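# Summary of the model geometry
What follows is each chain in one-letter form.
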Amino acid sequence: MATLIEIAKDLANSFILARNKKDAASHIIFEINRLVYSDSRQTFEFPVKMEIVKLIQEYISVKSKDSLVFLGTRDYILKQLNAN
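Turning next to the overall build of the chain. Scanning the chain from terminus to terminus reveals four helices and zero strands. Tracing the chain from N to C terminus, the helices and strands come up as α-α-α-α. Overall size of the chain, expressed as C-alpha extent along the three principal axes, is 40 × 25 × 20 Å. The buried share of the chain, reckoned over its 84 residues, is 35%.

If you want it as structure tokens, here you go:
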């Protein structure tokens, strides 16, 4: 299984490369919500999902000028992740 850092890096890169950032945010929500623990097959709890979003934000802030764009979608992403 990939580490949280690897997952966040992949999702951050998909956000950076996306032309439509709203679609990219939806993709991030979908991908995080489908993550499960390999041993129990249980989905990640919200604090783990929050950590992934934090890591995505950190990666984007270092690697891209899309940092402010991601900040604009971060609350939406967290709200959707908390609802599931």
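Moving on: unusual backbone geometry. One non-glycine residue, R41, lies in the positive phi region at around 65 degrees. Along the chain, R41 turns up in the loop between α2 (21–33) and α3 (46–63).

Right, let's get into the pattern of salt bridges. One side chain can pair with another of opposite charge once the charged atoms of both are near each other. For the coordinates displayed, the defined rule picks out three salt bridges. Close ionic contact of K21 with D66 constitutes a salt bridge, the shortest N to O distance being 3.1 Å. Here K21, found in helix α2, pairs with D66, found in the loop between α3 and α4 (67–83); they are 45 residues apart in sequence, far enough to count as distant. K21 sits in the buried class, given a relative accessible area of 16%. D75 is the salt-bridge partner of R74, the closest N and O atoms lying 3.8 Å from each other. Judged by its relative accessible area of 25%, R74 falls in the partly exposed class.

Conventions adopted
Residues numbered from 1 in each chain as written. Predicted model: local features only at pLDDT ≥ 70, side-chain atom pairs only at ≥ 80, totals over all residues. Heavy atoms only, no water. Helix = DSSP H or I, 4+ residues; strand = E, 2+ residues; numbered from the N terminus. Buried < 20%, exposed > 50% of the residue type's maximum accessible area, 1.4 Å probe, protein only. Salt bridge = Lys/Arg side-chain N within 4 Å of Asp/Glu carboxyl O.

Geometric values such as these leave the question of function open.
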